[in-house]
Structures are given as C-alpha cells and as structure tokens.
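# Geometric and topological summary
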Amino acid sequence: MRTLMAAATILGSAFWLAPASGAQPVLPAQGQNANVTADPQVLAALVRSEGYKVTIDHTDDGDPFLQTDVDGTPFTIFLNNCIAGKSCRTVQFYAGFSVSTPRRLDLINRWNQQKRFAKAYIDDQNDPRLEMDLNLAGGGVARGNFLENFRVWIRLLTAFKKHIGWNDAE
C-alpha cells in the first residue's frame, strides 16, 4: 500500500509540475520533495502548473521577476532580497492599475480593513496597487504552501479588481 501511495504521489507531482509547453519540469536541485525557494525557474514551472503562461525577466539591478496574467490582468512576481541577481529570499506578488478616475482613499482603506494577506495602496500617480509578500528565506516553503499562497493571490487580485470597479477599458 505504501509503495502504491508513493508511486501515486511521484506521478502526481510530475504531472502538476509539468509546464504547459510540454517541456520537462524544472525542479530544485534537491529533488521533487524539496521546499520551494525563490528560484525563478522553479517558480515559473509552478505558475505554469496552475495553467498560466509566464515569462522570466530581470530588473535593471539584475533581480529576476516573473510576468503573467489572470483573465487578461497582468501581474508580476518579483524576487527580492537577492544577492547579485541570485539567492533571492522573498517574493512579492504585485499588480498595478492605471486609472482615468482616481479611486478614493476610503475605498482602499476599506479593502485593507476587510482583507488579509494582500495590501492595497494608491501610488504617487493616484493609481491603485495591490501587493502580497511571501518569505521563502530559511529553506523555503513546501510546494503545497507556495501553490496555496499563489491561489490566494489570484482570488485576492480578482476580488480587488471588483472592489475598485476596475474595467479593462480604463
């Protein structure tokens, strides 16, 4: 029974880590059961496993970031606290909305009072922003934990768009 369960777990893990492109999954050097760290290739494979297209790019400082979208709304996963563009320790999910009609501060404050995990603010150009941080330092987090945090981000981003009355025509 244990052998059957172990085989099912390995096969299941291989399935959900496979990128949508059909390429071989990118796994951490420690193997399939290793914790997820802020490695852009591994994070991209996990995002793809959830059915999203993703690209990897780098900031002017050389830090990696992932670019993807949910239902046409782009968002970024920044890898932060890096050393020379590598050995990153944290990630930040980020979405910004350019609006023609500024949103009221009380609308953003209400979001922050009612929701956990993702914080909202208005930037210096009066555009709403949403961010969620995840600490992967100290050995990372389990794959399931990372994926659940990613799913929370997707749900919050979708809810935030509704909360601010976002429409793609702005």
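Residues numbered from 1 in each chain as written. Predicted model: local features only at pLDDT ≥ 70, side-chain atom pairs only at ≥ 80, totals over all residues. Heavy atoms only, no water.

## A few points about the packing of helix H3 (residues 105–114) against helix H4 (residues 143–163)
At a closest axis distance of 11 Å, the pairing of H3 and H4 adopts a crossing angle of 150°. Judged by the inter-axis angle, H3 sits roughly antiparallel to H4. Seen from above, H3 lies across H4 with right-handed handedness. Contacts between H3 and H4 involve Leu107, Ile108, Arg110 and Trp111 on the former and, on the latter, Leu156, Ala159, Phe160 and His163. Looking at the contact of H3 with H4 residue by residue, the classes come out as six nonpolar, one polar and one charged. (Axes fitted to C-alpha atoms, helices over the stretch in contact; angles between N-to-C directions. Helix = DSSP H or I, 4+ residues; strand = E, 2+ residues; numbered from the N terminus. Parallel < 35°, antiparallel > 145°, perpendicular 65-115°, else oblique. Left-handed = near helix turned anticlockwise from the far one by under 90°. Contact = heavy atoms within 4.5 Å. Nonpolar A, V, L, I, M, F, W, Y, C, P; charged D, E, K, R; others polar.)

## Points about the pattern of salt bridges
Pairs can form between side chains of opposite charge whenever their charged atoms are close. What the rule picks out here adds up to six salt bridges. Linking Glu50 and Arg151 is a salt bridge whose minimum nitrogen-to-oxygen distance equals 2.9 Å. You can see Glu50 sitting in the loop between helix H2 (40–49) and strand S1 (55–58) and its partner Arg151 sitting in helix H4, a full 101 residues away along the chain. In this structure, Glu131 engages Lys119 in a salt bridge whose closest nitrogen and oxygen atoms are separated by 3.7 Å. Taken together, the residues span a long stretch of sequence, with Glu131 in strand S6 (residues 128–135) and Lys119 in strand S5 (residues 119–122) at a distance of twelve residues. (Salt bridge = Lys/Arg side-chain N within 4 Å of Asp/Glu carboxyl O.)

## Digging into the environment of Gly165
Here Gly165 shows up in the segment after H4. Judged by relative accessible area, which is 42%, Gly165 ranks as partly exposed. Distance from Gly165 to Arg103, taken between C-alpha atoms, is 9.0 Å for residues 62 residues apart in sequence. (Buried < 20%, exposed > 50% of the residue type's maximum accessible area, 1.4 Å probe, protein only.)

## What to know about H2
For an α-helix, the turn length of 3.6 residues means that residues three or four places apart are oriented alike. With eight of ten residues buried, H2 lies mostly within the body of the structure. Turning to H2, its buried residues are Pro40, Val42, Leu43, Ala44, Ala45, Leu46, Val47 and Ser49. N-capping of H2 is provided by Asp39, with a side-chain oxygen placed 2.8 Å from the backbone N of Gln41. Phi turns positive, to about 95°, at Gly51, one or two residues after H2. (Polar contact = N/O pair within 3.5 Å; in protein donor to acceptor, adjacent residues only side chain to side chain.)

## Here's the deal with the packing of aromatic side chains
As enumerated under the stated definition, the model contains eleven aromatic pairs in all. When the ring of Phe97 is compared with that of Phe160, the centres are 5.7 Å apart and the planes differ by 50°; the resulting orientation is tilted. Of this pair, Phe97 sits in the loop between strand S4 (90–96) and H3 while Phe160 sits in helix H4, and the two are 63 residues apart along the sequence. Phe160 matches Phe97 in its accessibility class, with the two residues each being buried. (Phe/Tyr/Trp six-rings, centres within 6.5 Å; stacked < 30°, edge-to-face > 60°.)

## Quick notes on the nonpolar core
In terms of nonpolar packing, the biggest core is built from 42 residues, with Phe75, Val91, Phe93, Phe146, Phe150 and Trp153 touching the most fellow members. Listed by contribution, the elements that provide at least two residues to this core are H2, strand S2 (64–70), strand S3 (73–80), S4, H3, S6 and H4. Broken down by element, the residue count for this core peaks at nine residues, all from H4. When neighbours within four sequence positions are excluded, Phe146 is seen to be in contact with Val36, Leu43, Leu46, Phe93, Leu134 and Val141. (Core = buried A, V, L, I, M, F, W, Y, C linked by side-chain atoms within 4.5 Å.)

## Thoughts on the sheet that holds S1
Strand order in the open sheet formed by six strands is S1-S2-S3-S4-S6-S5, and the pairing between neighbours is antiparallel. In the strand order of this sheet, the two ends are held by S1 and S5, each with one partner. Shown here is a sheet whose adjacent strand axes are inclined to one another by a mean of 30°, direction ignored. Relative to S4, S3 is paired through five bridges, and the arrangement is antiparallel. Its bridge partner being in S4, Ile77 is matched across the sheet by Phe93. Against the sheet, H2 contacts S1, S2, S3 and S4, and its axis sits at roughly 10° relative to S2. Along the sheet, H3 contacts S5 and S6; its crossing angle with S5, the most-contacted strand, is approximately 170°. (Pairing = 2+ DSSP bridges.)

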